[in-house]
Amino acid sequence: MTLLDVTRLSLKIGCYPVLKDVSFHIEPGEIVAVTGESGSGKSMTALAVMQLLPEQAEAKGYITLDGTQLLDQSEAQMCALRGQSIGMVFQEPMTALNPVKTIGAQVMETILIHKAMPRGQAEARAREVLERVGLPEDRFPLSRYPHELSGGQRQRVVIAMAIALRPKLLIADEPTTALDVTTQAQILELLKDLVEDTGMGLLIITHDLAVVADLADRIVVMRHGEVVETGGTRQLLRHMRHPYTQMLFAASSHRVALPEPPAPAPLLEVRNAVRDYKTPRKSLFAKPGRFRAVKDVSFTLNRGERLGLVGESGCGKSTLTRAILGLEPLQGGEILLDGEPVTARLDPAVRRKLQVVFQDPYGSFNPRHRVERLITEPFHMLPDPPVGAARRDLIAETLIAVGMKPEDAGKYIHQFSGGQRQRIAIARALITRPELIIFDEAVSALDVSVRARILDLLAELCAAYSLTYLFISHDLSVVRTITDRCLVMKQGEIVEQGETEEVFSNPQHPYTRQLIAAAPVLPDLDQGAA
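Residues numbered from 1 in each chain as written. Predicted model: local features only at pLDDT ≥ 70, side-chain atom pairs only at ≥ 80, totals over all residues. Heavy atoms only, no water.

### A few points about the UniProt feature "domain: ABC transporter" (unreviewed entry) in the chain
Following the UniProt record, one finds the feature "domain: ABC transporter" (unreviewed entry) at residues 1–249 and 268–516. The span residues 1–249 is 39% helical and 26% strand by assignment, and the distance between its end C-alpha atoms comes to 33 Å. (UniProt positions renumbered as here; feature names shortened; annotations may be inferred. Helix = DSSP H or I, 4+ residues; strand = E, 2+ residues; numbered from the N terminus.)

### Looking at the sheet that holds strand β5 (residues 68–69)
Read across the open sheet, the four strands follow the order β2-β1-β4-β5; overall the sheet is antiparallel. The open sheet is flanked by β2 (16–26) and β5, the only strands paired with a single partner. Taken together, the seven bridges between strand β1 (residues 4–13) and β2 define a ladder with antiparallel strand orientation. Bridging from a neighbouring strand, Leu4 pairs with Ile26 of β2. Relative to the sheet, helix α1 (residues 42–50) contacts β1, β2 and β4 (57–65), its axis offset from that of β1 by approximately 110°. (Pairing = 2+ DSSP bridges. Contact = heavy atoms within 4.5 Å. Axes fitted to C-alpha atoms, helices over the stretch in contact; angles between N-to-C directions.)

### Thoughts on the packing of aromatic side chains
Within the structure shown, the criterion is met by three aromatic pairs. Aromatic side chains Phe439 and Phe471 sit 5.9 Å apart centroid to centroid with 35° between the ring planes, which places their arrangement in the tilted category. In this pair, Phe439 is assigned in strand β17 (residues 436–440) and Phe471 in strand β18 (residues 469–472), connecting sequence segments 32 residues apart. Both residues of the pair, Phe439 and Phe471, belong to the buried class. Each residue in the set Phe439, Tyr469 and Phe471 is aromatic and connected to the rest through ring pairs, giving one cluster. The residue whose ring lies beneath Arg275 is Tyr277, and the NZ or CZ to ring-centre distance is 4.4 Å. (Phe/Tyr/Trp six-rings, centres within 6.5 Å; stacked < 30°, edge-to-face > 60°. Buried < 20%, exposed > 50% of the residue type's maximum accessible area, 1.4 Å probe, protein only. Lys NZ or Arg CZ within 6 Å of the ring centre and 35° of its normal.)

### Regarding the side chain of His474
Mapped onto the fold, His474 is located in the loop between β18 and α17 (476–482). For His474, a relative accessible area of 12% puts it in the buried group. Of note is the side chain of His474, whose polar atom sits 3.2 Å from the backbone oxygen of Leu179. Once you skip the residues sitting within four places of it in the chain, His474 turns out to touch Thr177, Ala178, Leu179, Asp180, Val181, Gly311, Glu441 and Ser444. (Polar contact = N/O pair within 3.5 Å; in protein donor to acceptor, adjacent residues only side chain to side chain.)

### With respect to unusual backbone geometry
Positive phi, normally seen in glycine, also occurs at Arg8, with a value near 50°. Residue placement: Arg8 occurs in strand β1. The class for Arg8 is exposed, based on a relative accessible area of 52%. At Arg166, a residue that is not glycine, the phi angle is positive and equals roughly 50°. Inspection of the secondary structure puts Arg166 in the loop between α6 (151–163) and β7 (169–173).

### Digging into helix α7 (residues 181–198)
For α7, with 18 residues, the first-to-last C-alpha span of 26 Å sits near the 26 Å given by 1.5 Å per residue. The complete set of buried residues in α7 reads Val181, Thr182, Thr183, Gln184, Ile187, Leu188, Leu190, Leu191, Leu194 and Val195. Two residues or fewer past α7, Gly199 is found with a positive phi of approximately 75°. (Expected span 1.5 Å × (residues − 1).)

### Some thoughts on the environment of Ile438
Looking at the element boundaries, Ile438 is found in strand β17. In the structure, Ile438 is positioned 302 residues away from Pro136 in sequence and 39 Å away in space, judged by C-alpha atoms.

### Some points on the sheet that holds β7
If you walk across this open sheet you meet the six strands as β6-β7-β8-β3-β9-β10, and the pairing is mixed. Pairing within the sheet leaves two strands with one partner each, and these edge strands are β6 (86–89) and β10 (226–232). Here the average twist between neighbouring strands, direction ignored, is 15°. Bridging between β6 and β7 involves four bridges; their strand directions are parallel. Counterpart to Gly87 in the pairing with β7 is Leu170. Packing of α6 onto the sheet brings it into contact with β6 and β7, and relative to β6 it is tilted by some 170°. Strand contacts of α7: β3 (31–35), β7 and β8 (201–205), with the helix running at about 155° to β8, the strand carrying the most contacts.

### Concerning the packing of helix α4 (residues 103–113) against helix α5 (residues 119–132)
Between α4 and α5, whose axes approach to 9 Å, the crossing angle comes to 120°. Here α4 lies oblique to α5, going by the angle between them. Here α4 runs over α5; the crossing is right-handed. Only Arg119, Ala122, Glu123, Arg125, Ala126, Val129 and Leu130 of α5 make contact with α4, whose side of the interface consists of Ile103, Gly104, Val107, Met108, Ile111 and Leu112. Taken together, the residues that form the contact of α4 with α5 break down as nine nonpolar, one polar and three charged. (Parallel < 35°, antiparallel > 145°, perpendicular 65-115°, else oblique. Left-handed = near helix turned anticlockwise from the far one by under 90°. Nonpolar A, V, L, I, M, F, W, Y, C, P; charged D, E, K, R; others polar.)

### Digging into the pattern of salt bridges
One pass over the structure, following the stated rule, counts 29 salt bridges. The shortest N-O distance in the salt bridge between Arg132 and Asp197 comes to 2.5 Å. In this pair, Arg132 is assigned in helix α5 and Asp197 in helix α7, connecting sequence segments 65 residues apart. Glu328 is the partner of Arg275 in a salt bridge, and the nearest nitrogen-oxygen pair spans 2.6 Å. Note that Arg275 is positioned in strand β11 (residues 266–279) and Glu328 in the loop between α11 (317–324) and β14 (332–337), a separation of 53 residues in sequence. Comparing Arg275 with Glu328, the two get one shared label, buried. Here the salt bridges do not stand alone but share partners, grouping Arg303, Asp338, Lys353 and Glu435 into one network. (Salt bridge = Lys/Arg side-chain N within 4 Å of Asp/Glu carboxyl O.)

Written out as structure tokens, the structure is:
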């Protein structure tokens, strides 16, 4: 018997159509992936199955779970089904977890709400399910809080909550988007094992076709609220019929052509950098004292060169980045930008040579200001900022350079898509013509087609402005295509560095080989999908 059957599902929010005749099914023990760009209707389809839609939403069609038509269920009936028959894993575990409740209490909560067993048995079940997802009690006691866990560990807690009552269907909405490659591989392997061990069905929502190709039995491709193509993973990837599917696949394996870097001329020099943090008196992770996040790191970034920095979460990438930006003091070594020391009291003449593009463009902008004001924020560092017509001309020139229109200067940031916001963030970094730009996970939250366009934009800007940048990312495929040289960081140390293609094709350090092996890759269609 089919576990989940979605037939001709249509959804409106107010008068706006969101889903149009969506149909697919999931069998017990089957993994079905729904993929597509942001705004395609992937997550709204998952919320429709869970019946967690906005009040103004109006759904038509059929969503049948193990013979029960979900659209006919009352909210009280759905509350009985959620957690017990359907579990859900959300994209960002920190927002899905209660920061003031222990992980044990949060896993037990679902069990106790459904009165599935007495409290003592519920606690035993919480221990059992946390151990099943890789969090044994001897290392991760039930008394721990979410902030005491890494991102991957928090995601395991969310999975434990979702499977505590052994649901028939598990929905995972972008469960690995913010995770590094090794943690992502572990979470995906865990989900696959859970399906094999329990026979539940898994509906995974993702824009990452490499994840889809490696994990799913069948694929549903969505665009503008409609299913444009569906089929078995092997067959669909080998015989993509719809142009949109072909475009997604091409964007996922997109490569850019960077201009040749000029002759070596040092711009950024990191010399034996050391950064320590005090550890709390009672720390779960370390003895009282100091924790060394960056350990004797040295490298040089030349003018016109594009340098990548990769490593797992917690390896020290962000700490090193903050030190380069002058936001973290060093306990040893030095950082020089164009020969000048980088410190917290960096000279404005030196600071204006440095800009940064963050992962979340919306969070880095003041939503009450128009684009014109947002992208000219760095003007305060200029001794003689442009005014009047010169200012307007520079704003227009910079917006055009990043693929936007001059008239976009008068709009607010909420009026743009995620990709457009990132273009505006790049415009803000570019407008003062800095000598070095740091891209901190600048494309990790974007879907594949938008990511491809941003990478093309960076290649164009490199040619037009001879950009020098440090590109920090956990996405190895992006680093491989957009950098000349690459640094690999582990536990605060640079364990390998060299020309990017050489590092990826002939890694020398075991950790580099581990990272590359953990990264999902698209199958070679010339030889057939795996």
